[in-house]
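Inside the fold
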Amino acid sequence: MTTRHLPERPADALSERNPRVVSAVKLHRAAQRRKTGQFLAEGANAVTAALETGRVRELFYSAAAAAREHELVAGAAASGVRTTLVSDRAAEHLGETVTAPGLIAVCDVVDVPLADILGTGPRMLAVPVEIAEPGNAGTLIRVADAVGADGVLLAGDTVDPHNGKCVRASAGSLFHVPIARERDVTAALDALAAAGVTLLATTATGELDLDDADEVFAGPVAWLFGNEAHGLDPAVAARADHRVRIPIHGRAESLNLAAAAAICLYAGARVRHAG
């Protein structure tokens, strides 16, 4: 079946055994995503954002999804995207959530070379180092999008941003914010420093209080956030131009990664957009 129209008969629906469906399902695996340069985006938010950026190769949808998101599916077909009706069982195989939304897009990967981001003269970047939990990565990308950050750099041995849980947690922001990956943390920091970006490490014992850092935030900055379990490596923190602490006025010992990132990025955005 092809595609510039919406099929009307359930008999037109592709089963979970169809080669195109089978091929798409394999994109749940990181190795297949690396091999093909493609990944899956599930649900209306992610699919809408993917369509807006022209990254969708094929849109699979169930009959229920077509009824619920008719304008979205019809708009995709009208724009030339291959739209394909699949059976409910095929939709379950394609999706990863307990209640499959029945709307899954095969997309081109989103990450770009770090040089591309640095070439734009970024004013604020989020740099999670060794981030491991896809939900946290997606949330951080969503926060970076919300504050108007110029990019996210995943440094070190990190989660794949195209992981299904990360894509869903980003709520479409994965397609809005430039994302780069650099396995060599030292190389990443060297590139940022060479571009004139001030490195800010978030640490519990930093010498600079977040509330006193407005002057630093006025220039180009890259926020370094540590691993969920172990925090920021001391050597990485030492490499930063400033180590920033978030004041804690209550009895909590610390903040989780996503919360700390949101507080720091919004503090920087407040100064950047003042006036």
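Residues numbered from 1 in each chain as written. Predicted model: local features only at pLDDT ≥ 70, side-chain atom pairs only at ≥ 80, totals over all residues. Heavy atoms only, no water.

As recorded by an unreviewed UniProt entry, the protein chain carries the name TrmH family RNA methyltransferase and is attributed to Nocardia puris. Per UniProt, the comment on the protein chain under Sequence similarities (unreviewed entry) is "Belongs to the class IV-like SAM-binding methyltransferase superfamily. RNA methyltransferase TrmH family." (UniProt positions renumbered as here; feature names shortened; annotations may be inferred.)

**Concerning the packing of aromatic side chains**
The final tally for this structure, using the stated rule, is 3 aromatic pairs. With a centroid separation of 5.9 Å and 20° between ring planes, the pair formed by Phe 39 and Phe 175 is classed as stacked. On the criterion of sequence distance, the pair formed by Phe 39 in strand S1 (residues 38-42) and Phe 175 in the loop between helix H9 (164-170) and strand S7 (179-182) is long-range, its members being 136 residues apart. Accessibility assignment for this pair places Phe 39 and Phe 175 in one class, buried. Relative to Trp 223, the ring of Phe 217 lies with its centre 5.4 Å away and its plane at 50°, an arrangement referred to as tilted. Residue Phe 217 is classed as buried on the basis of its relative accessible area of 4%. Every member of this aromatic cluster is reached through a ring pair, and the members are Phe 217, Trp 223 and Phe 225. (Phe/Tyr/Trp six-rings, centres within 6.5 Å; stacked < 30°, edge-to-face > 60°. Helix = DSSP H or I, 4+ residues; strand = E, 2+ residues; numbered from the N terminus. Buried < 20%, exposed > 50% of the residue type's maximum accessible area, 1.4 Å probe, protein only.)

**As for unusual backbone geometry**
Despite not being glycine, Glu 130 has its phi angle at roughly 60°, a positive value. Inspection of the secondary structure puts Glu 130 in the loop between strand S5 (124-128) and helix H8 (134-147). For Ala 171, which is not a glycine, the phi torsion comes out positive at approximately 50°. Tracing the backbone through its elements, the reader meets Ala 171 in the loop between H9 and S7.

**Considering the domain arrangement of the protein chain**
Where interface size is given, it is often the accessible area lost as the parts come together that is meant. You can read the domains of the protein chain as domain 1 (19-108) and domain 2 (114-273). Computed from C-alpha coordinates alone, the two centres of domain 1 and domain 2 are separated by 30 Å. In this complex, domain 1 contributes 16 residues to the contact, which on the side of domain 2 involves 12 residues. When domain 1 packs against domain 2, close to 990 Å² is buried across both sides, 65% of that on carbon and sulfur atoms. When the area that domain 1 buries against domain 2 is broken down by residue, the three leading residues are Arg 33, Phe 39 and Glu 96, summing to 42%. Put simply, domain 1 and domain 2 have 3 salt bridges between them. The shortest N-O distance in the salt bridge between Glu 96 and Arg 168 comes to 3.2 Å. Applying the counting rule to domain 1 against domain 2 returns 2 residue pairs in polar contact (both at pLDDT 80 or more). Elements supplying a minimum of two residues to the side of domain 1 that touches domain 2: helix H2 (30-36), S1 and helix H3 (44-52). Ranked by the residues each element gives to the side of domain 1 that touches domain 2, the list is headed by H3, at 5 residues. Residues belonging to the side of domain 1 that touches domain 2 are distributed by class as follows: 8 nonpolar, 3 polar and 5 charged. (Domains from an automatic or database assignment. Contact = heavy atoms within 4.5 Å. Buried area = accessible area lost by both parts, 1.4 Å probe. Salt bridge = Lys/Arg side-chain N within 4 Å of Asp/Glu carboxyl O. Polar contact = N/O pair within 3.5 Å; in protein donor to acceptor, adjacent residues only side chain to side chain. Nonpolar A, V, L, I, M, F, W, Y, C, P; charged D, E, K, R; others polar.)

**Examining the pairing of S5**
Most of S5 sits inside the fold, with 5 of its 5 residues counted as buried. Alternating positions in S5 separate into two faces, Met 124, Ala 126 and Pro 128 on one and Leu 125 and Val 127 on the other, with burial throughout. One ladder, built from 5 bridges, connects S5 with strand S10 (residues 221-225); its direction is parallel. In the strand pairing of S10, Met 124 is matched with Val 221. Of the strand pairs in this sheet, S5 and strand S6 (residues 151-155) are connected by 2 bridges, and their pairing is parallel. (Pairing = 2+ DSSP bridges.)

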